[in-house]
Each structure stands twice: as structure tokens, then as C-alpha cells.
Amino acid sequence: MKHATRRDILKYGAAAGLASGLSGLPGIASAADTLKIGAVYVSPVSEIGWTKQHSLGVEAIQAEFGDKVEVTVIDNIFRPQDAERVFRELAGSGNNLIFGTSFSHGTPMQKVAPRFPDTVFEHCPGIKHLDNLGTFEAKYYEGIYVAGVTAGHVSKSAKIGFIGGFPIPDIVGPANALLRGAQSVNPDITCNVIFLNSWFDPGKEKEAAKTLIAQGCDVICSMTDTATGVQVAGENDAWSVGYASDMARFGNGKHLTAFTLNWAPVYVQAAKDVAAGTWATSERWNGLAEGVVQMSPYNSDLPAEAIEAAEKARTDIIAGSLHPYAGELKDQDGNVRVEAGGVLADGDIRGFNWFVQGMIGNLG
């Protein structure tokens, strides 16, 4: 999409009562007052996708706090210079808690937070913390590995395709995990990759999906904020994997599964902590075990053995007996990055800037 500067501001109020008082941290309202929360979205709220799942987190706060919360939502903010202005305005207008929901929001939040020490900032996906800036993130790679297992069972061409918004670690790592899951079924499978350099550009995503299908990819996964990849795959008799939300209704019967995101508990807990005056900066990086990453229903046309294999992968990841980045792990050039018996370190996972062997594409 075009970089958005439009800001849609919606004031929310709900009807239920508040169970706990508002006190503690400097700048937090008294029990008789309203908790003010700002949420900044990177794209418009639609019926599915990344921003939709964050909006469900905001709705969960409303349901929990009732008329004791006032939420300001500002959508379609991607460019850092726009984000910095928006965060500064939200903090300056008295919001007690502010959420940022894009990688591109990170630097702006880091600039604004020190100027407003009495305001709590929460960044997803973020890696840098300050006294009043915490981060939360999901282990996407766990869910997409499970989806990759289903892809490995249905791919006849031994070619799958991946469409990413940007070549950042949060996208590069899951792309690798998709292939790793597929290769657990068929080691000869490869994965073609296209980056859009946009989170929301249905037209560009449509062309990317068509290109991958023309290259022989018979399973398509997109990590963007639309269902376009799923829809184009279904229209061309290719399988698909959804991201963030269950996208089955867009897949023309060819949607394998989706790795979905449930941010609601994170949002509600942050709001409760701020209200109680107990909030402290922290890093949360949760996956299948914590329920932040979940799998949508598997396609009923999948062979029983495919569903069984996917479920075994899911339960083994939760149990800790399977890791998507366990060695031996080689990069595109055949260099060993993780020896047999080893596992890629968490810091390297969160900083992924290389493709595993079998990925076709580049990060430039």
C-alpha cells in the first residue's frame, strides 16, 4: 500500500463495571477516574489479519474494564515520522497506556517514551526495553512449522511459496520454519520467496501469488495483513496457509490451516497492571504452549496422516521435544549454522537475517 498518513480516531466506551481500582504508578488515574489507553495500528482494521487480532485485544480490554476505560484507536500508521508524532500526541493528551503494533513503531516509541516517564508504552513486535517501555511478541515459527508439515503432505511439485511484508527477522524466521516443517515430510521441497516491502498492498500481493504459482508453487503462505494470497491460491487450485486469523473462508476449499494470534490476554494483563500500579517493563515472547500462537482447524480434505503429523509436531513443540530450528541446520550456501544435536539460540532466532538451505530468494 501507499504509506498512510490518514488517522482514524475512534473513541470507545463499554458498559460493564471495573473490578479493580486505578492507582499506583505516577500519572495513573484514581479509582474514580477513567483509564485512558491509546492503540496505534499499522493498517486499517479489516475482518481478518494482523491488525484485526490486535483490535480484538483492545476489545478484550473494553469488555474487562467497561465504562472505566477510554480507548483511542489510530490506524494506518506505518511511517516512523508519522508514528513518532502520533505517539507523542497520545502521551501528551493523557493516555496512561499506549500500544504500538508494528516493527516500524519501535524507534518512534523509543524516542517518545523517555519524554513521558509517567506513561506506559507496550510495543509489538519489539526487542528494546526502557523503564516505561515493554515488549511482547509471538513465536510465529512454531505455528508456521506445524502448517509447513501439512504443506509437505499435499505438495505434488515439491515447491511451496512464501510472501512476506518485509525482509525483517520476524518474517525471515517464519519463512524458514515453513520450509523446515515441509521438509520434515519431504526433504527435497524448496520454497520460493517474494517480499512486498509493504504490509498492506492487495494488488502487489495478488501479483506475487500469481508469480509463485506460475513458478510451480502449489502451496502459498503470506505474512501480510490481507487474505489475498489465500484467495489467489484458492482461485488457482493451489493450497494455502493463513496467518494471524483463520482465513478458510477465503481459500476456496484449499486453505490447509492458519497459525493464528491471540493477543487478548497480553492486552488485558497490561491494562490491569497499569490500573493497579504494578506494571513493570518486561519482554514476553510466547508461542503454542502459552496459547498466543494457535492453529485454526485443519482442512477436512487433508489425509488423516497429514493431520496426525501436524498435531504431533504441535504437541511435540509444546512439550519441548521438537524445535523447528534444531540442527543440523544449513544456510542457502550450504554452510552449517547449527551442528547436529544443537538448536539455534533464541537471540539468533529473533535476529534471523539468513535463509536456510532450500529457500529460493534473497534478502536484498
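Here the residue numbering is sequential within each chain, running from 1 through the sequence in written order. Predicted model: local features are reported for residues with pLDDT of at least 70 only, side-chain atom pairs are reported and counted for 80 or more only, and whole-chain, interface and lining totals are derived from all residues. Hydrogens and water are ignored here; the side-chain numbers use all heavy atoms of the structure.

1. Re the state of the cysteines
Cut-off, in case you're wondering: Sulfur atoms of two cysteines make up a disulfide when they are within 2.5 Å.
In the structure shown here, the tally under the stated rule is 0 disulfides. Looking at Cys 191, it has no disulfide partner, and the nearest cysteine sulfur is the one in Cys 217, 6.9 Å off.

2. Some thoughts on the sheet that holds strand β8 (residues 190-195)
Where we set the bar: In short, DSSP must find at least two bridges between two strands for them to pair. Helix and strand assignments come from DSSP, with helices taken as H or I runs of at least 4 residues and strands as E runs of at least 2, each series counted from the N terminus.
Strand order in the open sheet made by the 7 strands is β13-β11-β10-β9-β7-β8-β16, with mixed pairing throughout. The sheet is open, and its two edges are formed by β13 (293-295) and β16 (359-360), each paired on a single side. Pairing between β8 and β16: 2 bridges, direction parallel. Across the sheet, Asn 192 pairs through a bridge with Ile 360, a residue of β16.

3. So, the pattern of salt bridges
This is how it is decided: Whenever Lys or Arg places a side-chain nitrogen within 4 Å of a carboxyl oxygen from Asp or Glu, that contact is recorded as a salt bridge.
The tally for this structure, following the rule as stated, stands at 14 salt bridges. Residues joined by salt bridges that share partners form a network here, namely Arg 79, Asp 82, Arg 85 and Glu 89.

4. Describing the nonpolar core
Quick reminder of the rule: To define a nonpolar core, start from buried Ala, Val, Leu, Ile, Met, Phe, Trp, Tyr and Cys residues and group those joined through side-chain atoms within 4.5 Å. A simple rule labels every residue: compare its accessible area, found with a 1.4 Å probe on the protein chains alone, to the largest value its type can have, and call it buried under 20%, exposed over 50%, or partly exposed in between. What makes two residues a contact is simply this: any of their non-hydrogen atoms within 4.5 Å.
Phe 162, Phe 259 and Trp 263 are the most contacted members of the largest nonpolar core, which has 87 residues in total. Residue contributions to this core peak at 9 residues, all from helix α4 (residues 140-154). Not counting chain neighbours up to four residues away, the residues in contact with Phe 162 comprise Ile 144, Ile 171, Ala 175, Leu 178, Cys 191, Asn 192, Val 193, Ile 194, Leu 212, Cys 221 and Met 223.

5. So, the confidence of the model for the protein
Short version of the rule: Scored from 0 to 100, pLDDT reflects the predictor's confidence in each residue.
Taken as a whole, the protein shows an average pLDDT of 91; of its residues, 91% reach a score of 70 or greater. In this model residues 1-29 is a low-confidence stretch, pLDDT under 50, and it forms 91 contacts with partners more than four residues away in sequence or in other chains.

6. Quick word on unusual backbone geometry
With omega at -5°, the peptide bond leading from Cys 124 into Pro 125 counts as cis. Of note, the bond from Gly 327 into Glu 328 is cis; its omega dihedral lies within 30 degrees of zero at 5°. Position of Glu 328 among the secondary structure elements: in the loop between α9 (304-319) and β14 (329-330). Of note in the backbone geometry, Asp 237 takes a positive phi value of approximately 60° without being a glycine. Secondary-structure assignment places Asp 237 in the loop between α7 (228-235) and β10 (239-244). Residue class for Asp 237 comes out exposed when judged on its relative accessible area of 60%.

7. Notes on the packing of α4 against helix α5 (residues 169-183)
As a reminder, the rule being used: Every axis corresponds to a line fitted to the C-alpha atoms, with the helix fit spanning only the stretch in contact, and the corresponding angles, defined between N-to-C directions, vary from 0 to 180 degrees. Put simply, a crossing is left-handed when the front helix is turned counterclockwise from the back one by less than a right angle, and right-handed when it is turned clockwise. When residue character is reported, Ala, Val, Leu, Ile, Met, Phe, Trp, Tyr, Cys and Pro are called nonpolar, Asp, Glu, Lys and Arg charged, and the others, Gly included, polar.
As a packed pair, α4 and α5 sit with axes 6 Å apart at the nearest point and diverge in direction by 35°. Our pair here, α4 against α5, has a crossing hand that is right-handed. Counting all contacts with α4, which are made through Tyr 140, Tyr 141, Ile 144, Tyr 145, Gly 148, Val 149 and Gly 152, the residues of α5 involved are Asp 170, Pro 174, Ala 177, Leu 178, Arg 180, Gly 181 and Ala 182. The class makeup of the residues in the contact of α4 with α5 is 9 nonpolar, 3 polar and 2 charged.

8. Things to note about the side chain of His 255
Which entries qualify depends on this criterion: In the analysis that follows, any N or O atom pair within 3.5 Å is treated as a polar contact, provided that within protein one partner can donate a hydrogen and the other can accept it, and provided that, for residues neighboring in sequence, both atoms belong to side chains.
Mapping His 255 onto the fold places it in strand β11 (residues 255-261). At 3.4 Å, the side chain of His 255 forms a polar contact with the backbone nitrogen of Gly 242. The contact partners of His 255, leaving out residues within four places of it in the chain, are Val 230, Ser 240, Val 241, Gly 242, Asp 246, Met 247, Ala 248, Ser 296 and Asn 299.

9. Quick word on the packing of helix α6 (residues 202-214) against α7
Our working definition: Each angle is binned into one of four classes, with values under 35 degrees roughly parallel, values over 145 roughly antiparallel, values of 65 to 115 roughly perpendicular, and all other values oblique.
In contact at an axis separation of 9 Å, α6 and α7 are set at 40° when each is read in the N-to-C sense. Between α6 and α7, the angle is such that the two are oblique. The element α6 and its partner α7 pack so that their crossing is right-handed. Side by side, α6 and α7 meet where Pro 202, Glu 205, Lys 206, Ala 209, Lys 210 and Ile 213 of the first sit next to Thr 228, Gly 229, Val 232 and Ala 233 of the second. Here the contact of α6 with α7 is composed, by residue class, of 5 nonpolar, 2 polar and 3 charged.

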